[in-house]
Each structure stands twice: as C-alpha cells, then as structure tokens.
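# Notes for the structure review
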Amino acid sequence: MSRIGKLPIHVPAGVTVTISDDNVVTVKGPKGELNQKVNKDISVGLDNGVLTVTRPSDSKPHRSMHGLYRALINNMVVGVTNGFQKVLLMEGVGYRAQVENGKLNMALGFSHPVIIDAPEHVTFETPAPNRIVIKGIDKQVVGEIAAEIRAIRKPEPYLGKGIRYEDEHIRRKEGKAGKK
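Everything numeric here is computed off the predicted structure, so don't read it as measured data.

Before going further, it helps to examine the overall build of the protein chain. A count of helices and strands for the protein chain gives two helices and 13 strands. Rg of the C-alpha trace for the protein chain: 21 Å, well past the compact-globule value of 16 Å for 180 residues, more than 25% over. Principal-axis analysis of the C-alpha atoms places the extent of the protein chain at approximately 70 × 45 × 25 Å. In the protein chain, the proportion of contacts linking residues at least 24 apart, taken out of those at least 6 apart, comes to 50%.

What follows concerns the pattern of salt bridges. It is possible for side chains of opposite charge to pair when their charged atoms get near one another. Enumeration over the complete set of coordinates arrives at seven salt bridges. For Lys 135, the salt bridge identified is with Glu 125, shortest N-O distance 3.5 Å. In this pair, Lys 135 sits in strand S12 (residues 131–136) while Glu 125 sits in strand S11 (residues 122–128), placing the two residues 10 residues apart along the sequence. Residue Glu 125 is classed as partly exposed on the basis of its relative accessible area of 35%.

Now for the pairing of strand S7 (residues 84–91). Both S7 and S12 contribute to a ladder of six bridges, which runs antiparallel. Among the inter-strand pairings, Phe 84 is bridged to a residue of S12, identified as Gly 136. Sheet topology places S7 next to strand S13 (residues 162–165); four bridges connect them, and they run antiparallel. Residue pairing for S13: Leu 89 is matched across the bridge by Arg 164.

Even without glycine at this site, Asn 23 takes up a positive phi of about 65°. Position of Asn 23 relative to the elements: it lies in the loop between strand S2 (16–19) and strand S3 (24–29). The class of Asn 23 is buried, set by a relative accessible area of 14%. Phi angles above zero are rare outside glycine, and His 121 is one such case at about 70°. Relative to the helices and strands, His 121 resides in the loop between strand S10 (114–117) and S11.

Once that is clear, we can look at the side chain of Arg 150. Along the chain, Arg 150 falls in helix H2 (residues 139–152). Once you skip the residues sitting within four places of it in the chain, Arg 150 turns out to touch Pro 155, Ile 163, Arg 164, Tyr 165 and Glu 168.

It is worth spelling out the sheet that holds S12 at this point. Within a sheet, adjacent strands bond to each other through the backbone by hydrogen bonds, running parallel or antiparallel. Ordered in space as S11-S12-S7-S13, the four strands form an open sheet in which the pairing is antiparallel. Of all strands in the sheet, those with a lone pairing partner are S11 and S13, marking the two edges. In this sheet, neighbouring strand axes are inclined to one another by 25° on average, regardless of whether the strands run parallel or antiparallel. In this fold H2 packs onto S7, S11, S12 and S13, with an angle of close to 10° to the strand it touches most, S7.

Attention now goes to the pairing of S3. Pairing analysis gives four bridges linking S2 to S3, with the strands arranged antiparallel. Opposite Thr 16, over in S3, you have Lys 28 as the bridge partner. Where S2 folds back onto S3 in an antiparallel hairpin, the turn is made up of four residues, including Asn 23, whose phi is positive at roughly 65°. As paired elements, S3 and strand S4 (residues 32–37) share six bridges and run antiparallel to each other.

Moving on, we get to the sheet that holds strand S8 (residues 96–100). Read across the open sheet, the three strands follow the order S8-S9-S10; overall the sheet is antiparallel. Single-partner strands in this sheet number two, and they are S8 and S10. The sheet shows a mean angle of 20° between the axes of neighbouring strands, direction not considered.

Basis of the calculations
Residues numbered from 1 in each chain as written. Predicted model: local features only at pLDDT ≥ 70, side-chain atom pairs only at ≥ 80, totals over all residues. Heavy atoms only, no water. Helix = DSSP H or I, 4+ residues; strand = E, 2+ residues; numbered from the N terminus. Rg over C-alpha atoms; globule rule 2.2 N^0.38 Å. Contact = heavy atoms within 4.5 Å. Salt bridge = Lys/Arg side-chain N within 4 Å of Asp/Glu carboxyl O. Buried < 20%, exposed > 50% of the residue type's maximum accessible area, 1.4 Å probe, protein only. Pairing = 2+ DSSP bridges. Axes fitted to C-alpha atoms, helices over the stretch in contact; angles between N-to-C directions.

Here it is as structure tokens:
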C-alpha cells in the first residue's frame, strides 16, 4: 500500500470540495479556487470532511498515480487555506528588486531592468531590496516562477553572486592559486 496515498486528507472548515462525474476535483477556500483532473482509474471519495484516494489494483501505474493524486489534492487544500511561498535572496553589487503595479522589477547587472509579470493567483513582495517573496495558492506555479527568476542569474560558486533560494547553500570554490 502506498504510504502517502493511504493517508486521509482532512478538509478544514471554510473549504468546500466537489468531485464531478468526470473525476475533476474542485477545492474552494478563503484564498481562491483550484481544479485537478484525476485519472479515471483512481477514485476520490469525500465522507464527513475527510477525503480518501483509492486505487483499483496493485499494478505499477495504479500505485504510482495513487500517491501522486493524493499529494496533488492535499496541496490544493493547503493552498486555498494557507497558501504557499518561496523566498529568494539576491547577492551582488547593485542587485535589487522592487514591486511596481504587480510586476517584479529587478536590477541584476544587465544593461536593462528585468521585469516579470505575476501570473494569476501569485503575488510578489519585496520586504528588502535584495529579498523576493513569491506567494500563491498553487504550489506548482509558485515553485515554477521561483525557478524561472533564479535561472535569470544563477548563483556562481566563486563569489556567490546571483539569485538563490533562502534555504539553499552554495558551495564556494577557492579561486585560482598564485604562482610560487
């Protein structure tokens, strides 16, 4: 049995979950609404505020989808109640970011500013000029936007300049050795 797939999902108060006939799970909460199409072989049940995900057999495709869809539905429930966030730190001389009209405007050492539009249900915050907070209800979209921003200036191992995640550790390399 899948260790993740067999865990029940407790639906908190204020969140409504509907399961349509074509296996689309819709979760509505205080922060928004999310939809997820579930494979026809996997069944999702709602009973007394507890969601359960079950599979028809122990075949490899069913086992792999069991835990996947349970995790996706759980992330939807968490997203519409609490939301998700990623924090990026910028290191480098002159590297700074600010939010203007919902757009993230960054100076990253290029000859031009880098401007990124916020997708639907995602907001940017800059509590400090070198700190970017990405918040949203969809975990996948928040992580994808954070990865795209990080890819603009990946952290380099010699000076540590670039954009990195808050909890990311950059292994530093020693510079070129001088002649003896």
